[in-house]
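Residue-level structural notes
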Amino acid sequence: QVQLVESGGGLVQAGGSLRLSCAASGRTFSTYAMGWFRQAPGKEREFVATISRSGGATYYADSVKGRFTISRDNAKNTVYLQMNSLKPEDTAVYYCAAARVALTRAVDYDYWGQGTQVTVSS
């Protein structure tokens with residue numbers, strides 16, 4: 001069982017930056033790949049980024065590639081999402097999730113956090 005708690009969301013102007021954090025409970029964090037997803041009002045949850053268990057491999061959605069960076073610190077049981085050059089279309093609730101393998105489909109993730117709101121004003 002893994003419990004995930006996101007933090008770091010907020011209101012930011014277009015072009016600004018935010019760093020999201022996701023703290024995991026338990027001693028098995030390093031055995032899980034981690035992902036970030038987001039869901040805007042009226043839209044389906046969509047993949048943002050994923051990172052392998054060791055942190056050696058990452059993969060991004062085309063919409064955020066070059067602007068967002070996913071990273072993890074296994075000693076701190078935490079995964080991060082650094083978001084730069086934010087756009088109004090990045091506005092959504094952002095969720096972190098844990099899976100055995102780094103994948104891009106939400107259905108493949110076993111554990112989810114409660115989400116943190118990110119709002120980008122124009």
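All of the points below concern the structure found in this document. (Residues numbered from 1 in each chain as written. Predicted model: local features only at pLDDT ≥ 70, side-chain atom pairs only at ≥ 80, totals over all residues. Heavy atoms only, no water.)

**A closer look at the overall build of the protein chain**
The following threshold applies: Helix and strand assignments follow DSSP, with helices taken as H or I runs no shorter than four residues and strands as E runs no shorter than two, numbered in order from the N terminus. Note that the radius of gyration is over C-alpha atoms, with the globule rule given as 2.2 Å times the number of residues to the power 0.38. Accessibility here uses a 1.4 Å probe with only protein chains present; expressed as a share of the type maximum, an area under 20% marks a residue as buried, one over 50% as exposed, and anything in between as partly exposed. Whether two residues are in contact is decided by their heavy atoms: any pair within 4.5 Å suffices. The Shrake-Rupley method, run with a 1.4 Å probe, gives the accessible areas here. Residue values count only the displayed protein chains as cover. When charges are counted, Lys and Arg are positive and Asp and Glu negative, with His and the chain ends excluded. Taken as the charge location is NZ of Lys, CZ of Arg, CG of Asp or CD of Glu.
Of the regular secondary structure elements, the protein chain holds 0 helices and 11 strands. Counting from the amino terminus, the protein chain carries its helices and strands in the arrangement β-β-β-β-β-β-β-β-β-β-β. For 122 residues, the compact-globule formula gives about 14 Å, and the C-alpha radius of gyration of the protein chain, at 13 Å, lands near that figure. Out of the 122 residues in the protein chain, the part that is buried amounts to 43%. Counted over contacts in the protein chain with a minimum sequence separation of 6, partners at least 24 positions apart contribute 57%. When the accessible area of the protein chain is evaluated, it comes to approximately 6200 Å², of which 47% is carbon and sulfur surface. Here the protein chain carries 13 positive and 9 negative side-chain charges, and the mean point of each set is 6 Å from the other.

**Description of the pairing of strand 5 (residues 46-51)**
For clarity, the cut-off: The pairing criterion for strands is at least two bridges between them, as found by DSSP.
For strand 5, the tally of buried residues reaches 5 of 6 residues, placing the bulk of the element in the interior. In this sheet, strand 5 lies alongside strand 4 (residues 33-39) in antiparallel orientation, the contact comprising 5 bridges. By the bridge assignment, Gly 35 is partnered in strand 5 with Thr 50. Remark: 6 residues form the turn of the hairpin made by strand 4 and strand 5, two consecutive strands paired antiparallel; Gly 42 in that turn has positive phi of roughly 75 degrees.

**Brief notes about the side chain of Asn 77**
With respect to the helices, strands and loops of the structure, Asn 77 is situated in the loop between strand 7 (68-73) and strand 8 (78-83). Using a relative accessible area of 17% as the deciding quantity, one classes Asn 77 as buried. Apart from the residues lying within four places of it in its own chain, the contact partners of Asn 77 are Cys 22, Ala 23, Ala 24, Ser 25, Gly 26 and Phe 29.

**Here's the deal with the nonpolar core**
The condition that has to hold: The criterion is simple. A nonpolar core is a set of buried Ala, Val, Leu, Ile, Met, Phe, Trp, Tyr and Cys residues joined through side-chain atoms within 4.5 Å.
Grouped together as the largest cluster of nonpolar side chains are 35 residues, with contacts concentrated most on Leu 4, Met 34, Trp 36, Leu 81, Met 83 and Tyr 94. Only strand 3 (18-24), strand 4, strand 5, strand 7, strand 8, strand 9 (92-99) and strand 11 (116-121) provide two or more residues apiece to this core. The element contributing the most residues to this core is strand 9, with 6 residues. Once residues lying within four places of it in the same chain are set aside, the contact partners of Leu 81 are Leu 18, Arg 19, Leu 20, Trp 36, Val 48, Ala 49, Phe 68, Thr 69, Ile 70 and Tyr 94.

**Re the sheet that holds strand 8**
In plain terms, the rule: Angles here are taken between N-to-C directions and fall from 0 to 180 degrees, while the axes themselves are lines fitted to C-alpha atoms, restricted in helices to the stretch in contact.
Judged by pairing direction, the sheet is antiparallel, and its 4 strands sit side by side in the order 1-3-8-7 without closing on themselves. A single partner strand is all that each edge strand has here, and the edge strands are strand 1 (4-7) and strand 7. On average, each strand axis in the sheet is tilted by 15 degrees relative to the strand beside it, whichever way the strands run.

**What about the layout of surface pockets?**
In plain terms, the rule: Both site types are read off a 1 Å grid over the protein atoms alone. A 1.4 Å probe that fits but cannot get out defines a cavity, while an open set with protein on both sides within 12 Å along at least five of seven lines defines a pocket; lining residues have an atom within 4 Å of a point. Grid points are joined across faces, edges and corners, and a volume is the space filled by probe spheres set on the points. Residue polarity is assigned by list, with Asp, Glu, Lys and Arg as charged and Ala, Val, Leu, Ile, Met, Phe, Trp, Tyr, Cys and Pro as nonpolar; anything else, Gly included, falls into the polar class.
Of the voids in this model, the largest pocket is the one considered here, and its volume is about 170 Å³. Arg 38, Ala 40, Lys 43, Glu 46 and Glu 89 are the residues nearest the centre of the largest pocket, which is lined by 13 residues in total. Tallied by class, the residues present in the lining of the largest pocket amount to 2 nonpolar, 3 polar and 8 charged.

**Overview of the state of the cysteines**
How we decide: Here, the term disulfide refers to a pair of cysteine sulfur atoms separated by no more than 2.5 Å.
A complete count under the given rule lists 1 disulfide for this structure. Note that Cys 22 is cross-linked by a disulfide to Cys 96, the S-S spacing being 1.9 Å. Note on the Cys 22 and Cys 96 pair: the S-S dihedral is about 45 degrees, so by sign convention the disulfide is right-handed. Of the two residues, Cys 22 sits in strand 3 while Cys 96 sits in strand 9, which places them 74 residues apart along the sequence.

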